[in-house]
Amino acid sequence: MRDVARLALQVNGPTGENLLLRKQRADAKLQRSDTKQRIAAEQKAAAAALTPTSLSEKLCKKAGVAPWSKLTKQDTLTKFDLEYSELEALGVAFEAKPTPRNPSYLESTNLNFAALQLNAGLGFAPQDYGLGAGLFFLGYGLGHVPSTFATMRCGAGWYSSIVIAWGIVATCGAFISSSAGLCLQRFCLGLAEAGAIPSALHLMSQFYPVQMRSKPFLAVTLANVVSVVFAGPLAAGIMTLDGRAGLRGWQWLFIIEGLPSIALGAVMMLALPSGPLTAWMLTPRERQFLHNRVHEGNAEAAEAAKQRLQWKQMISLTMEALRMPQLWFFSIAAFLWVLGIFSLNAWMPIIIKNMLAGTALQSSSSSGGSSATNTLHATLLATIPYFCAAIAMWLNTWSASLLRERTLHVGLPCVFGGILLALFQPMYSASFAGGFSVLVIAIACAYSGQSNMFARVTESLDTRHAGVGIAIFNAIGAAAGGFSGPWVVGTLVNRIGSFVPSMVFMGVFLTCGGVMLSGFGVWELQQRRKLQRQQQQQCGGKLPKEQEEGEGADSCVVVKDEDFAEEC
């Protein structure tokens, strides 16, 4: 019996498992592992053997996005972004990355810095400067809808011509010699730029589906703010050329920052596509794929988008957009926002120079004194609020994407910033640092939600109405708020001799706009939660979970809001 037991132990092992079977299983496992490694090596060799035939394939291969793999929406957009990144360096100083964006914002800040010398040199009173600064926005607002329709009809070619026209008119600012000349130049400058931002957002809407527009829109608005950070030191350096070739420093500022826009516009005219179907960086299959995805698979809308927009459709699309209640609501909120923050933008360097001279609370002027040192310091200090605003804008957009909410991310910061502006007098009376901190935080709060504001407005618009809707939205805010705000501030300073009432004026309107948006945001949250409960009941109490695109077609859909949909 002992011999039998010893033999069984040798055959089956201590665990009772047959040793022969164990060996067979180990061999099979090793063979499967070798097979997997061999297949992986063959696939890798096959991929390496494929020679990229275009710059697009090289960039996508470097980024881990293979054009020959299964085509997805994200991969196609990655290719679009990668190839456009080659031209970023051309537009960084002018806030014009070749994905469509406002290429003229750098020059739009020229007057704010030039006014430190221009107002004193030409003897402009505060109301003269305020009127000139405001007339820019009047022309900007009046030309919004026609210029945007020209982009919708003619594509990126018209948008590029906006850049060229802007550069020409901006350069002509060097020849201003009277208050009438200032008003005329600023009004024409507004007309030249009119439609730039809505045109840029319209062109972006042709490439990005609704749920993916927050980050591209962030790039547009963030580049605007970042350009001011570069504009301050650049303006300070250029204005030191005062007296060279018989020109004042502010004249050199207009010339040096105006001419490059003309060259940049010519480059954009050659490189900027109008839509996915004309995107040179994509393959024909990818162009059609992206075009269909932007229109959410709606074959009729995708086919209609291929047709060139007729001018007679301008009235039809405009009337349809004007019948959208949410567009009116956001336009009124934008008017209040612009009335407060654009006034502060136009007067920022002058306010800081008056603060340095100790005349911000009384005996304020449109030049802040004649000190060249204060002019330099004010120019440099005026860039700090916009640097902080760029960081705040990025954080706000990241938070909005994380929490899947936009309206409150716009409204609440405006409320806080408006209250701070109204407290400028006690803060500045305590110290210069206290007053300057008010300006920094107020600008950062007001601008932090700008990209979310644009994204939220386009949520309520389909692709056809995106351009005209943004144009109406911008026109109401710019034409009314942008014109009246700087002029009212100049009138108050001229009559009262202090910036305190103006700060309260700007703070009240910024707060009112923030309260409107915050209230609407709370209502949206309530409606979203109600909809979630209804959808969860329809799903039999299941919790929502994300699924890959194209899977779970028969599953129940839980819609959290218009922008985010998940399946349960």
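Because the structure is a prediction, the values reported are computed rather than measured. (Residues numbered from 1 in each chain as written. Predicted model: local features only at pLDDT ≥ 70, side-chain atom pairs only at ≥ 80, totals over all residues. Heavy atoms only, no water.)

Focus: the overall build of the chain
Helix and strand counts for the chain stand at 26 helices and two strands. A total of 568 residues make up the chain; the buried ones form 52% of that total. Long-range pairs, those at least 24 residues apart, make up 76% of the contacts in the chain with a sequence separation of at least 6. (Helix = DSSP H or I, 4+ residues; strand = E, 2+ residues; numbered from the N terminus. Buried < 20%, exposed > 50% of the residue type's maximum accessible area, 1.4 Å probe, protein only. Contact = heavy atoms within 4.5 Å.)

What to know about the confidence of the model for the chain
With 71% of its residues at a pLDDT of 70 or more, the chain shows a mean pLDDT of 75. Mean pLDDT values over the elements of the chain span from 34, in helix H5 (residues 88-91), up to 94, in helix H21 (residues 407-422). Per-residue pLDDT stays below 50 along residues 46-73; that stretch engages in 42 contacts with residues further than four places along the chain or on separate chains. Under a pLDDT of 50 for its full length, residues 545-568 has, in the predicted model, 51 contacts with residues more than four places off or in other chains. (pLDDT = per-residue confidence, 0-100.)

Some remarks on the environment of Phe509
Structurally, Phe509 is set in helix H26 (residues 500-538). Of the residues examined, Phe509 reaches a relative accessible area of 26% and is grouped as partly exposed. A sequence separation of 170 residues divides Phe509 from Leu339, and the C-alpha atoms of the two residues are 6.6 Å apart. With residues up to four places along the chain from it excluded, the contact list for Phe509 reads Leu336, Leu339 and Gly340.

Digging into the nonpolar core
If you look at the biggest cluster of nonpolar residues, it comprises 97 residues, and the most contacted ones within it are Trp337, Leu344 and Tyr447. When residues of this core are assigned to their parent elements, the largest contribution, 17 residues, is made by helix H18 (residues 325-357). Ranked by size, the runner-up nonpolar core spans 10 residues in total, among them Tyr159, Ala196, Leu264 and Leu272. (Core = buried A, V, L, I, M, F, W, Y, C linked by side-chain atoms within 4.5 Å.)

Some details on the packing of aromatic side chains
Evaluated as defined, the whole model comprises 18 aromatic pairs. Judged by centre distance (6.3 Å) and plane angle (85°), the ring pair of Trp250 and Phe254 falls under edge-to-face. Taken together, the residues Trp250 and Phe254, both in helix H14 (residues 249-271) and four residues apart, mark about one turn of the helix. Relative accessible area serves as the criterion here: at 3%, Trp250 is assigned to the buried category. When the centroid spacing of 6.0 Å and the interplanar angle of 75° are considered together, the rings of Phe454 and Phe473 count as edge-to-face. Of this pair, Phe454 sits in helix H24 (residues 450-459) while Phe473 sits in helix H25 (residues 463-496), placing them 19 residues apart in sequence. In this structure, Phe454 and Phe473 share a single accessibility class: buried. By the ring-pair criterion, three or more aromatic residues cluster together here, those being Phe136, Phe137, Tyr140, Trp166, Trp337, Phe342, Tyr386 and Tyr447. (Phe/Tyr/Trp six-rings, centres within 6.5 Å; stacked < 30°, edge-to-face > 60°.)

Regarding the pattern of salt bridges
Throughout the structure, instances matching the rule amount to four salt bridges. Note that Arg406 is salt-bridged to Glu459, the shortest N-O span being 1.9 Å. Here Arg406 is found in the loop between helix H20 (384-403) and H21, whereas its partner Glu459 is found in helix H24, with 53 residues between them in sequence. According to the relative accessible area criterion, Arg406 is buried, its value standing at 7%. What makes Glu459 buried here is its relative accessible area of 15%. Residue Arg456 is joined to Glu524 by a salt bridge in which the shortest nitrogen-to-oxygen separation is 2.4 Å. Separated by 68 residues along the polypeptide, Arg456 in helix H24 and Glu524 in helix H26 bring together distant segments of the chain. Judged on exposure class, the residue Arg456 and its partner Glu524 are both buried. (Salt bridge = Lys/Arg side-chain N within 4 Å of Asp/Glu carboxyl O.)

Thoughts on unusual backbone geometry
Most peptide bonds take the trans configuration, and most residues that are not glycine carry a negative phi. The phi torsion at Ala245 lies on the positive side, around 55°, for a residue other than glycine. Relative to the elements of secondary structure, Ala245 occurs in the loop between helix H13 (214-238) and H14. On the basis of relative accessibility, which here comes to 71%, the residue Ala245 falls in the exposed class. The backbone of Arg404 shows a phi angle near 60°, a positive value even though the residue is not glycine. Locating Arg404 in the fold gives a position in the loop between H20 and H21. Take Arg404: its relative accessible area is 22%, and that puts it in the partly exposed class.

Some details on the side chain of Asn119
Looking at the secondary structure, you find Asn119 in helix H7 (residues 110-122). The class of Asn119 is buried, set by a relative accessible area of 2%. Look past the residues within four positions of Asn119 in its chain and what remains in contact with it is Phe124, Tyr129, Ile350, Ser366 and Ser367.

A word on helix H11 (residues 179-193)
Between its first and last C-alpha atoms H11 spans 21 Å; for 15 residues at 1.5 Å apiece the expected length is 21 Å, and the two agree. Listing the buried residues of H11 in full gives Leu182, Cys183, Gln185, Arg186, Leu189, Gly190, Ala192 and Glu193. One or two steps after H11, the chain reaches Gly195, where phi turns positive at roughly 90°. (Expected span 1.5 Å × (residues − 1).)

Observations regarding the packing of H18 against helix H23 (residues 432-448)
Where H18 meets H23, the axes come as close as 11 Å, and the angle between the chain directions of the two elements is 155°. If you check the angle between H18 and H23, you find them roughly antiparallel. For the pair H18 and H23, the sense of crossing is left-handed. Here Trp337, Ile341, Phe342, Leu344, Asn345, Met348, Ile351, Ile352, Met355 and Leu356 of H18 lie close against H23, whose contacting residues are Phe432, Gly435, Phe436, Leu439, Ala442, Ile443, Ala446 and Tyr447. (Axes fitted to C-alpha atoms, helices over the stretch in contact; angles between N-to-C directions. Parallel < 35°, antiparallel > 145°, perpendicular 65-115°, else oblique. Left-handed = near helix turned anticlockwise from the far one by under 90°.)

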